[in-house]
Amino acid sequence: MRHLSRLLLAAATTTLLAVTSAPAGASWDRPIKRGTDTFTIPAKATITLTGHGYGHGRGMSQYGAQGAAMEGLSSQQIVSFYYPGTSLGAVSGRLRVLLTGDTTDDVVVRGRKRLFVRSVGSTKIALPTGPARFRLIAGGVNSTLVQTQRRRGWRTLHTLPGAAEFVARGVLRLETPSGTYGYRGPLRSAPSRGAFSSARDTVNVPTFEQYLRGVVPREIPASWSASAVQAQAIAARTYAAFERTEPGSYYDICDTTSCQVYGGVNFEHPLADEAIKATRGQVVSAGAAPAFTQFSASSGGWTAAGSMSYLKAQADPYDGWDGNPVHDWTRTLTDASFEAAYPTIGDLQQIVVTSRDGNGDWGGRIQQAKLIGSRGSVIASGDSLRLQFGLRSTWFTLSVTKR
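For clarity, every value in this text was computed on a predicted model and none was experimentally measured.

Conventions used here
Residues numbered from 1 in each chain as written. Predicted model: local features only at pLDDT ≥ 70, side-chain atom pairs only at ≥ 80, totals over all residues. Heavy atoms only, no water. Salt bridge = Lys/Arg side-chain N within 4 Å of Asp/Glu carboxyl O. Helix = DSSP H or I, 4+ residues; strand = E, 2+ residues; numbered from the N terminus. Buried < 20%, exposed > 50% of the residue type's maximum accessible area, 1.4 Å probe, protein only. 1 Å grid on protein atoms, 1.4 Å probe; cavity = no way out; pocket = protein on both sides within 12 Å on 5 of 7 lines; lining within 4 Å. Points joined across faces, edges and corners; volume = space filled by probe spheres on them. Disulfide = S-S within 2.5 Å. Pairing = 2+ DSSP bridges. Phe/Tyr/Trp six-rings, centres within 6.5 Å; stacked < 30°, edge-to-face > 60°. Contact = heavy atoms within 4.5 Å. Polar contact = N/O pair within 3.5 Å; in protein donor to acceptor, adjacent residues only side chain to side chain. Axes fitted to C-alpha atoms, helices over the stretch in contact; angles between N-to-C directions.

Caption draft 1: Looking closely at the pattern of salt bridges. In the structure shown here, the tally under the stated rule is 12 salt bridges. The partner of Arg-213 in a salt bridge is Asp-273, with the nearest N and O atoms 3.1 Å apart. With Arg-213 in helix α3 (residues 208-213) and Asp-273 in helix α6 (residues 270-278), the pair connects residues that are 60 residues apart, well separated along the chain. Classification of Arg-213 as partly exposed rests on a relative accessible area of 24%.

Caption draft 2: Spatial organisation of empty space enclosed by the protein. Summed over all chains, the structure comprises 1 cavity of 30 Å³ or more. In terms of lining, the largest cavity is formed by Leu-49, Phe-338, Ile-351, Val-353, Ile-366, Ala-369, Leu-385, Phe-389, Leu-391, Phe-396 and Leu-398. Contributions of two or more residues to the lining of the largest cavity are made by β24 (348-356), β25 (366-373), α8 (382-389) and β27 (396-402).

Caption draft 3: Focus on the state of the cysteines. Tallied over the entire structure, the rule returns 1 disulfide. There is a disulfide in this structure between Cys-254 and Cys-259, and the S-S distance comes to 2.2 Å. Because the sign of the S-S torsion sets the handedness, a value of about 110 degrees for the bond joining Cys-254 and Cys-259 places this disulfide among the right-handed ones. We classify Cys-254 as buried; its relative accessible area is 8%. In this structure Cys-259 comes out as buried when scored by relative accessible area, which is 3%.

Caption draft 4: Structural detail: the pairing of β25. Across 7 bridges, β24 lies against β25 in antiparallel orientation. When the sheet's bridge partners are listed, Val-353 is paired in β25 with Ala-369. Pairing between β25 and strand β26 (residues 377-381): 5 bridges, direction antiparallel. By the bridge assignment for β26, Lys-370 is matched with Ile-379. Joining the antiparallel neighbours β25 and β26 is a turn of 3 residues.

Caption draft 5: Layout of the packing of aromatic side chains. Throughout the structure, instances matching the rule amount to 14 aromatic pairs. Geometrically, the ring pair formed by Phe-242 and Phe-292 is stacked, given 4.9 Å between the ring centres and 25 degrees between the ring planes. Of this pair, Phe-242 sits in helix α5 (residues 226-244) while Phe-292 sits in the loop between β21 (289-290) and β22 (295-296); the two residues are 50 residues apart in sequence, bridging distant segments of the chain. Judged by its relative accessible area of 10%, Phe-242 falls in the buried class. Judged by relative accessible area, which is 0%, Phe-292 ranks as buried. Pairing Tyr-250 with Tyr-251 gives two aromatic rings, centres 5.1 Å apart and planes at 75 degrees, and the pair type is edge-to-face.

Caption draft 6: Geometry of the environment of Glu-165. Locating Glu-165 in the fold gives a position in strand β14 (residues 164-167). With 37 residues separating them along the chain, Glu-165 and Thr-202 place their C-alpha atoms 9.3 Å apart. With sequence-adjacent residues up to four places away left out, Glu-165 is seen in contact with Phe-116, Val-117, Arg-118, Val-120, Leu-136, Pro-186, Leu-187, Arg-188 and Val-205. For Glu-165, the side chain forms a polar contact with the side chain of Arg-118, separated by 2.8 Å. A polar contact is formed between the side chain of Glu-165 and the side chain of Arg-188, at a distance of 2.8 Å.

Caption draft 7: Structural context of the sheet that holds strand β15 (residues 171-176). Judged by pairing direction, the sheet is antiparallel, and its 6 strands sit side by side in the order β13-β12-β11-β8-β15-β16 without closing on themselves. Each having just a single partner strand, β13 (153-161) and β16 (179-184) make up the two edges of the open sheet. Taken pair by pair, the neighbouring strands of this sheet meet at an average axis angle of 30 degrees, ignoring direction. Two elements, strand β12 (residues 143-150) and β13, share 8 bridges in a ladder whose sense is antiparallel. When the bridges of β13 are listed, Leu-145 appears paired with Thr-159.

Caption draft 8: How the structure looks around unusual backbone geometry. A positive phi angle is found at Arg-114, which is not glycine, with a value near 55 degrees. Structurally, Arg-114 can be placed in the loop between β8 (107-110) and β9 (116-119). Judged by relative accessible area, which is 61%, Arg-114 ranks as exposed. Non-glycine residue Trp-362 carries a positive phi angle of around 65 degrees. Checked against the element boundaries, Trp-362 lands in the loop between β24 and β25. Taking the relative accessible area as the measure of exposure, Trp-362 reaches 31% and is therefore partly exposed.

Encoded structure:
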């Protein structure tokens, strides 16, 4: 989870739906439904997988949110349906976002008017105005060098204690190995291996609302119904607020599908901005704390149980609207595909689905299966099968024909 597939939307949009996941150590163990789904595999077989949904299915379905919006549900009604038993609360402040695309140990920004630098939590120091480039890089013992580029290389302007960050109103332009990207909020050079290490990561520190401007358009099409985009804004804001409560790191959340996809200024969209403003500060609350608002592209018509009481398995009547291309899906494999993936079994002879979650068609999502071959057998979880074969979900059945 949290490192799940992204879905290219059909037709007029190329916006990606990202699937988020759980914090380390979370578990979704539930009583499993024992089954006797046994599929005999002849030599040279074609195995057709017929399934529902895209992603883990826990919490909000993004396609379902759009289906619900088209039926007239408000954003609050949408999040109440997908996170039953919760209420709306509020969050404010800033978030520390790890920028994984900046793979160097320095933080390089383009010069601009009213650019400042500071040790984290200290007084700002103004930097010279002009077209220069500036960078932060580890100095001596627990210090950061502030440098500007000259023809003969980098010249040190200041040595600051501890971690340091660039600060400016508006947009900072960060130069990375893959290009230049705009970010709102400070850009911090954060020690990634302890205070005295020269290894540094780049961490953006936007407000929640600034952060969402770079998230929502990458998680859902901004052109969808306003209440669906608003529901995504609430869910994404809450997910980030939940992550901020997790202790023990120099950042709160990353910028990839392992967390939530965040692109900074380059991906902002006016329609998403409207949804963010309309829901300003709103989060889903479980008691006094932000909820763990997982979401995925499509539930397939039935959500999956998660690690929290409000992540319930329930029928989802909104997911199956005509514009959802992954409510149903098929994938064709061969016996040779399984034999290549699990070579210790020899020639594949049987696939036995030993447990499902018990919800929906075929007994629900596969939790475990046994692959039996001429030389042995292996036990595979539904998630490992999904990862191995690039399947859209673990909710599928099989049909077998001889080639």
